Amino acid sequence: MLDPNTISWTSLMGGYTAAKQPNMAVWLFAKMPKNIVFPNAFTLSTVVNACSVLADVKAGKLVHAFVEVYGYQTNLIVCASLVDMYGKSNDLGSARRVFDSMVERNVVPWTSMIVGYAQNAQVYEALKLFREFSRVADDPPNQYMLSIVVNACASLGRLVYGKVTHAAVVKRGHESNEVVATALADMYAKCGCFESSLKVFRRMLNSCLISYTSMIMSAAKHGLGEVSLELFEEMILKGIKPTDVTYLGILYACSHSGLVDRGLELLNSMQAEHGVIPDVKHYTCVVDMLGRRGRLDEAYRLAKTIELRHDSEGALLWGSLLSASKLHGRLDIADEASKWLIEAKQQVDTAYVSMSNIHVLTGNWDDSQSIRSEMKRVGVRKEPGCSWVEIKDSVYVFYARDVSSCPRGMEVLELLKDLENRMKERGYIGGSKGLVFVDVEDESKEEIVNLHSERLALGFSLLSIPKGETIRIMKNLRMCGDCHEAFKLISSIVERDFVVRDVNRFHHFKNGSCSCKDYW
DNA sequence: CTAGGGTTAG
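Remember, predicted model here, so these are calculated numbers, not experimental data.

A. Quick look at the overall build of chain A. Helix and strand content of chain A: 27 helices and three strands. Burial statistics for chain A: of 520 residues in total, 52% are counted as buried. Just so you have it, chain A exposes about 24500 Å², and 52% of that area is on carbon and sulfur atoms.

What follows is the structure, given as structure tokens:
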């Protein structure tokens, strides 16, 4: 073009962003003034969007400055793009400032702001904003807004919130929207209702790749590995091509239902069958699968062969191997895994605590203590483990070694005692795997229990000595992939509306870290 | 030529 104008430049930037090269869009924006072409509202929102994709808040702030300079701070779309950019860059303060300054708002910036809160571990804030929108806005919530709100309810794991949002979805007639329905199915599963999840899923007319992948993962999390495998077969028959995420789900399913050999087969055939090349995340999942079944030598051998592009990729891999070594009493492998983590500066707190605990479990109290001293010396602190349960619409949060922070903690203790008795009736006592309590004096048990609780995800950290056995059983049930059995036992005690939440629910949180305290 | 949503291993 002899004389490209603002529109030509903007088109080009939009094209680069669409072609997954948003950095080129930003680069072009910087070149505009030299060519005596000036940005308008279209240009600015396009380049803000490029910054959003890059999650580059620095570039975004520069563009924001241009927005002010050129006087577009009252433009709805430009501001909407800024809210989105700040939210996706984890700068919620700036996102909110732009949002509050807007003279005119439609459902889009409201949605962006809700997404911002929801994906930065401020789910309650996100839901609050949704309620405010419903009160003040002229438009009804659409499928975009509803899907993110359903997603927010899912990450809270609180069924009541999810049900209320489901009602809003029905009221607005967005039940049949594929994205909303997938979010609903995911929400029910994460809130502990696998049956409702499957019901929503089965009502969908065209279950697509993501809905199948999500459903496979849900079944797996509920200990229903066979159901995951059936769903996988079904989607293949429908001609839907699995992706790397689908394979991750199916490997996870095998791992958590004890289908180790099936999992290995799938790993070995995925490339030939569906052209998905196994990468670090798949191998990590398989290492975990072998490890939890006690096949630690194989797990270790596999782990050593995996090429990491970055140390952060090894955090999960060696962390998982460490936890399996601890469970099966393999001090040698645990030692190497924790060394790897500490040297790579990944999960250092967990590595130290795990090593200290494994020494306790094998009776080496002195080694355990010296690691605790080392932690103090180098200033490593472990954030206390946190778990929560939901009983009939109320949530009870537990911190390891802290009874007082939980309201009605004593009642929950009673519940746990009951749980323990029922498990004993079912013969779950003794004979479990691991080296727990081997060669340890009775009076040491309390310490073991306390140490163990730090990483327990089931809310049983309050237990004292006699109930220590319960912790052990629950943990082993989970580690053996029999979590469905554990869930059933828990449900049978409370009869209904009992949801057990894992602490590892921050998958949606992109950058930086967040603590359980932020969450609740 | 412009802004928003669902699945991801310990």
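Having seen the structure, we can now continue with the description.
B. Geometry of helix α4 (residues 57–69). Its 13 residues give α4 an end-to-end C-alpha distance of 18 Å, which sits within 8% of 18 Å, the value for a rise of 1.5 Å per residue. What α4 keeps buried is the set A59, G60, V63, H64 and V67. Here the buried residues of α4 occupy an arc of 145° about the axis, which is enough to place them on one side. Facing away from the buried side of α4 by more than 90 degrees, the exposed set consists of K58, L62 and V69. For α4, the N-terminal cap is D56; the gap from its side-chain oxygen to the backbone nitrogen of K58 is 3.2 Å. Remark: G71 follows α4 within two positions and exhibits a positive phi of approximately 75°.

C. View of the pattern of salt bridges. What the rule picks out here adds up to 18 salt bridges. Its salt-bridge partner being R292, residue D288 comes within 2.9 Å of it at the nearest N-O pair. With a gap of four residues between them, D288 and R292 both fall in helix α17 (residues 280–292), about one helical turn apart. Look at D288 and you get buried, because its relative accessible area is 16%. In this structure, E374 engages R377 in a salt bridge whose closest nitrogen and oxygen atoms are separated by 3.2 Å. Taken together, the residues E374 and R377, both in helix α22 (residues 365–378) and three residues apart, mark about one turn of the helix. On the accessibility criterion, E374 (28% relative accessible area) is partly exposed. One salt-bridge network, in which partners are shared between bridges, spans D244, D279 and K281.

D. Up close: the UniProt feature "repeat: PPR" (unreviewed entry) in chain A. What UniProt calls "repeat: PPR" (unreviewed entry) maps, in this numbering, to residues 5–39, 75–109 and 208–242. In the segment residues 75–109, helix accounts for 74% and strand for 0%; the C-alpha atoms at its two ends are 12 Å apart.

E. Spotlight on the protein's contact with DNA strand B. Near DNA strand B you find 48 residues, and of these N142, N177, H256, K281 and L316 are the closest. Near the protein, within 4 Å, the atoms of DNA strand B are sugar or phosphate in 39% of cases. K88 has a polar side-chain atom sitting 3.0 Å from a phosphate oxygen of DNA strand B. Element by element, the count of residues in the surface near DNA strand B is highest for helix α11 (residues 178–190), at six residues.

F. Broad picture of the state of the cysteines. This model, assessed by the stated rule, comprises zero disulfides. The cysteine C191 is free of any disulfide, with C193 supplying the nearest cysteine sulfur at 6.9 Å. On the basis of relative accessible area, C191 is assigned to the buried category, the value being 0%. This cysteine, C254, is not joined by any disulfide, and C285 carries the nearest cysteine sulfur, 8.6 Å off.

G. View of unusual backbone geometry. Even without a glycine there, the phi angle at I36 is positive, about 55°. Mapped onto the secondary structure, I36 falls in the loop between α2 (22–31) and α3 (41–54). Judged by its relative accessible area of 67%, I36 is exposed. The phi dihedral of Q347 is positive, around 50°, even though this residue is not glycine. Topologically, Q347 is positioned in the loop between α20 (331–343) and α21 (348–361).

H. Just the side chain of T10, in detail. Secondary-structure assignment places T10 in helix α1 (residues 6–18). Contacts of T10, omitting those with residues within four sequence positions, involve F42, T43 and T46.

I. The arrangement of the packing of α4 against helix α5 (residues 76–88) in detail. Following both chains from N to C, one finds α4 and α5 inclined at 160°, their axes separated by 10 Å at the closest point. By the angle class used here, α4 and α5 are roughly antiparallel. Judged by the sense of rotation from one axis to the other, the crossing of α4 with α5 is left-handed. When α4 is examined against α5, the residues V57, G60, K61, H64 and V67 are found in contact with a partner set consisting of V78, L82, M85 and Y86. Among the residues making up the contact of α4 with α5, the classes are represented as six nonpolar, two polar and one charged.

The rules we used
- Residues numbered from 1 in each chain as written.
- Chains lettered and ligands numbered in written order.
- Predicted model: local features only at pLDDT ≥ 70, side-chain atom pairs only at ≥ 80, totals over all residues.
- Heavy atoms only, no water.
- Helix = DSSP H or I, 4+ residues; strand = E, 2+ residues; numbered from the N terminus.
- Buried < 20%, exposed > 50% of the residue type's maximum accessible area, 1.4 Å probe, protein only.
- Areas by Shrake-Rupley, 256 points an atom, 1.4 Å probe, with all protein chains shown as cover.
- Expected span 1.5 Å × (residues − 1).
- Arc of directions from axis to C-beta.
- Polar contact = N/O pair within 3.5 Å; in protein donor to acceptor, adjacent residues only side chain to side chain.
- Salt bridge = Lys/Arg side-chain N within 4 Å of Asp/Glu carboxyl O.
- UniProt positions renumbered as here; feature names shortened; annotations may be inferred.
- Near = heavy atom within 4 Å.
- Disulfide = S-S within 2.5 Å.
- Contact = heavy atoms within 4.5 Å.
- Axes fitted to C-alpha atoms, helices over the stretch in contact; angles between N-to-C directions.
- Parallel < 35°, antiparallel > 145°, perpendicular 65-115°, else oblique.
- Left-handed = near helix turned anticlockwise from the far one by under 90°.
- Nonpolar A, V, L, I, M, F, W, Y, C, P; charged D, E, K, R; others polar.

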